[in-house]
Structure formats: structure tokens, C-alpha cells
Amino acid sequence: MSTLTEKEGLLILAIETSCDETSAAIVKNGRTVLSNIIHSQIALHETYGGVVPEIASRSHIEKINEVIEKALAQAQVSLHEIDIIAVTYGPGLVGALLVGVSQAKAIAYALDKPLIPIHHIEGHIAANFLEHKQLRPPFLSLVVSGGHTHLIAVKDYGKFEILGQTRDDAAGEAFDKIARAIGFGYPGGPKIENEAKKGNPYAIPFPKAKVENAPYDFSFSGLKSAVLNYLHKAKQRGENVNLSDLAASFQQAVIDALIEKTALVIEKYSYSTLVLAGGVAANRSLVFQLRKWCEEHRIKFFAPSLVYCTDNAAMIAAAAYDEYRQGNRSNYTLNAVPNLKIGERKYEQW
Ligand code: KG4
Ligand code: ZN
């Protein structure tokens, strides 16, 4: 086993295949991105209105080598110069995860280098370390993606506590479902955001969800039903729906719910720093309104730039660097864990 030195920097090769993006990145010391190649499968899934798991796995297996080669070439690094192999091992689609996990195991074994498994959402949070060099735990993170809407206490590197979460749909899932109902197609988030720019966010008063006895938890299924009812009634009456107003009002209802619960947690636990993470962080209106709220309440606010909001391997490298420094490392029995919980480490240590 080779010894690792931080003199010239640890080179991490990270692989991310948990859903519909095949991504590989080369990152120095978990913070300096030398390359971050993302192959999106959107075109393959668009006609089905959502991600088809088997198509996703097949596309990952076709693209993974090419994506890794591009990442190495762009970073001007050879495979033999890599010090650490990092990979997302959950949560996500099992067949999709297995492509990345198998690839990472094979490379780690062939090169005799450490294999660092990473939780996808912990990666999303770590995306913020890539650009905000002054950011250090502890802080509160609002994670909003296609599968997660969580308020997470990041107590230290790799130490998490969930303070609030969605009881039903995730925020991104709500965007995707409403977009499908309107006929905007997949993925819904960016399409709704674009349409919302032309509309009035206060045109349609959609209900605010309350979760009994859980003040920090979210619920988006009621909002989703309200939007669907609105569309249904308009159709029955033969009325035209102003889709821009509908998109803007729906988006505003999601943003209001996110800000309201985040504010409650910040006040309750006296946080001074809020870190936004996940695919829905690509929504500029959400970022603008959260930043404004934080400025008004003297809270430091961090969010990733667009490329690090949605799925990418650079964020997995950022998380892997801190995992490695804490002595975590998997042996070669590593498997995909599709329902992995935040903070869980479901693999055998080296
Ligand atoms: O983090 P991500 O790329 O994948 C998961 O880990 O789920 O998040 C994807 C989700 C999708 O639901 C997508 O519709 C949503 O993020 N999303 C957005 C925007 N861009 C992506 N939601 C709202 N506004 C956006 N601009
Ligand atoms: Zn994601």
C-alpha cells in the first residue's frame, strides 16, 4: 500500500452515478476542482416523464469509462497519480449506484488505493466547501433535492443530526410532479422556474402545510393536491389557466414553506450560518429570497453555484476528503445501499 503525502496535495478521483447523471471529477485536497465531467441522461428519460431506472443503469455502464477518461484528461492527471477513489454508494437507484460502486472498487483494487464511500446528500452539503473556503462546521444545512427536503445540523465534518424533514414529497419531487401535470415534462424544476419568471407569485393563494406536533417538518403533498385541483376545476369550467401565474404561485408556496421552517430552526437553535444544498438550490428565486432573509436576520448564508447544485462528482470528492482525514475507508466488500440514511456508514472499514 502506498503512503499518502499531503505535500503536493491528495488527488481524489470521485464517481457519482446515483440517479441520471454520470459524473467523474478530479479534486485536489477535496477543495480544488481540476475537472468535473457530468454526462446528463435527461434526453433519454424525457419521453417517459421521469427517470427510468433500468435505462439509467444501462446508460451509466456505457458512459462511465468515457466520463472518467475525460475527467483525467481535463485535469491532466494519469490514473496512476490518483491517491484516493471516492464513490457515492447511496441513497439512489440501486442499479445506477452499482455501476459507480463497481467501477470505483475495480480502480481502487487495481491501483491499491483507498476506497472512500460517500452518502449522496452529504456530498451535496460538502459542495459548499468547494467554493466557500471559509465555511466550517457547525452550521445548519437546508437540503432540497429530488428525494430529500431536510434541515440538518452539521455538527462537524461527517457528523449530522436531522432536525426536520418532509413527511411526504421532497421539494424537487413536487416541482417535477406539478411540471408533469402542466405538461412541461422532465425535469420539472428548471421548467417551472422559467415559466414562473413571467408570472405573479401571489396570483393564486395555495395553502400552507402544517405538520401536527412536528413544527420543523415539511409537507408538500397538500400543496401538490391543491395545484392539481386548481387545474382540474379550471378544466371542468372550461377556463384557461394562466400557467405563468400558476408556476409562480406554486414556486412561491414552496419557497415560503422552506423559509418558514428554516427560520424556526435557526431561531430555536440559535444558528448563525445557513448552508443551502441539493438540486433545488439551482432555483435562483429560492436562493435570492433565502439570502435576503438571512441578511435581514444577520445570518451568514452559503449556497453552491449552479454547477455544484445538481448532481456532480466534485461534491463527492469534497466529502471524501474529510471522510479520509477522519480515518474512514472501506474494504472491497463495499455494496450500494439505496436507502442509506444521512450520517450512516454502512460498509466494513478497511
Ligand atoms: O440533487 P439533484 O440533482 O438530484 C437528487 O439528488 O435528487 O436534484 C434534482 C431535483 C429535481 O427534482 C429537479 O426538478 C430539481 O432538483 N431542480 C430544481 C431546479 N433545478 C433542479 N427545482 C427547482 N428549480 C430549479 N431551477
Ligand atoms: Zn442529488
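This write-up is about the structure you can find in this document.

What counts, and at which threshold
Residue indices begin from 1 for each chain and proceed along its sequence in written order. Throughout, the order in which chains and ligands are written sets their labels, letters from A for the former and numbers from 1 for the latter. Given that the model is predicted, a residue must reach a pLDDT of at least 70 before its local features are reported, and side-chain atom pairs must reach 80 or more before they are shown or counted; all residues, however, enter totals for whole chains, interfaces and linings. Heavy atoms throughout the structure, all of them, feed into the side-chain values; hydrogens and water do not. Any residue with a heavy atom positioned within 4 Å of a molecule or strand is treated as near that molecule or strand. We define a polar contact as two N or O atoms separated by no more than 3.5 Å, with the added condition that, inside protein, one atom must be a possible hydrogen donor and the other a possible acceptor, whereas residues neighbouring each other in sequence contribute only through side-chain atom pairs. To measure how exposed things are, a 1.4 Å probe is used in the Shrake-Rupley method; for residues, cover is taken only from the protein chains shown. With a 1 Å grid laid over protein atoms only, a set of points is called a cavity when a 1.4 Å probe fits there but cannot get out and a pocket when it is open yet has protein on both sides within 12 Å along at least five of seven lines; lining residues have an atom within 4 Å of a point. Cavity and pocket membership follows a simple rule, namely that a molecule belongs there if more than half of its atoms are within 2 Å of the grid points. Working definition: helices are DSSP H or I runs of at least four residues, strands are E runs of at least two. Numbering for both runs from the N terminus. When residue character is reported, Ala, Val, Leu, Ile, Met, Phe, Trp, Tyr, Cys and Pro are called nonpolar, Asp, Glu, Lys and Arg charged, and the others, Gly included, polar. For every domain, the bounds stem from an assignment made automatically or drawn from a database. Here a helix's expected span is defined as the number of its residues, less one, multiplied by 1.5 Å. Any residue under 20% of the maximum accessible area for its type is buried, any over 50% is exposed, and the rest in between are partly exposed; the area is computed with a 1.4 Å probe on protein chains only. Throughout, nonpolar core names a set of buried Ala, Val, Leu, Ile, Met, Phe, Trp, Tyr and Cys residues whose side chains join them through atoms within 4.5 Å. Convention adopted: a line fitted to C-alpha atoms gives each axis, helices being fitted over their contacting stretch, and angles between N-to-C directions are expressed from 0 to 180 degrees. Working rule for handedness: look at the near helix, and if it is turned counterclockwise from the far one by less than a right angle, call the crossing left-handed; if clockwise, right-handed. We call two residues contacting when some pair of their heavy atoms lies within 4.5 Å. Grid points are joined across faces, edges and corners, and a volume is the space filled by probe spheres set on the points.

A look at the site of ligand 1
Stage number 1. Near ligand 1 there are 18 residues, and of these His120, His124, Gly146, Asp176 and Glu193 occur at the shortest range.
Stage number 2. Within the backbone of Gly189, one N or O atom sits 3.0 Å away from an oxygen atom of ligand 1.
Stage number 3. Within the side chain of Glu193, a nitrogen or oxygen atom sits 2.7 Å from a nitrogen atom of ligand 1.
Stage number 4. Out of a free accessible area of 550 Å², ligand 1 has 89% covered by protein chains.
Stage number 5. Taking a 2 Å distance to the grid points as the criterion, the majority of the atoms of ligand 1 fall inside the largest pocket.
Stage number 6. Looking at the shell around ligand 1, the elements with two or more residues in it are helix H4 (120-131), helix H5 (171-182) and helix H6 (188-196).
Stage number 7. Counting residues per element, the shell around ligand 1 draws most heavily on H6, which supplies four residues.
Stage number 8. Its residues placed into classes, the shell around ligand 1 shows four nonpolar, 11 polar and three charged.
Stage number 9. Here the shell around ligand 1 gathers at least three residues from each of two domains, domain 1 (2-126 + 309-325) and domain 2 (137-304).

Observations regarding helix H8 (residues 243-269)
Stage number 1. Between the first and last C-alpha of H8 there are 39 Å, a value that for 27 residues agrees with the 39 Å anticipated at 1.5 Å per step.
Stage number 2. Most of H8 sits out of view: 20 of its 27 residues are buried.
Stage number 3. Between the side-chain oxygen at the start of H8 and the backbone nitrogen of Ser244 there is a gap of 3.0 Å, and the oxygen is on Asn242.
Stage number 4. A positive phi of about 55° marks Ser270, the residue just after H8.

Brief notes about the nonpolar core
Stage number 1. Among the nonpolar cores identified, the biggest contains 51 residues, and Leu142, Phe206, Phe220, Phe250, Leu274 and Leu276 are the most heavily contacted of them.
Stage number 2. Of all the secondary-structure elements, those providing two or more residues to this core are strand S6 (139-144), strand S7 (149-156), H5, H6, helix H7 (221-236), H8, strand S9 (273-277) and helix H9 (284-296).
Stage number 3. Among the elements that take part in this core, H8 stands out by supplying 13 residues, more than any other.
Stage number 4. If you look at the next biggest cluster of nonpolar residues, it comprises 36 residues, including Leu10, Phe139, Val143 and Ala314.

Details of the packing of H6 against H8
Between two packed helices, both the angle of their axes relative to each other and the distance between the axes serve to describe the pair.
Stage number 1. Interhelical geometry of H6 versus H8 gives an angle of 115° and a closest axis separation of 7 Å. In this structure, H6 crosses over H8, and the sense of that crossing is left-handed. Across from Ile192, Glu193, Glu195 and Ala196 in H6, the residues of H8 making contact are Leu243, Ser244, Ala247, Ala248, Phe250 and Gln251.
Stage number 2. For the contact of H6 with H8, a count of residues per class yields six nonpolar, two polar and two charged.

What about the layout of surface pockets?
Stage number 1. By volume, the largest pocket is sized at about 1100 Å³.
Stage number 2. Taken together, 37 residues form the lining of the largest pocket, with Ser145, Gly146, Asp176, Tyr186 and Asp311 sitting closest to its centre.
Stage number 3. At the level of elements, H4, H5 and H6 are the ones that each hand at least two residues to the lining of the largest pocket.
Stage number 4. With six residues, the single largest contributor to the lining of the largest pocket is H5.

By themselves, these observations are geometric and do not establish any function.
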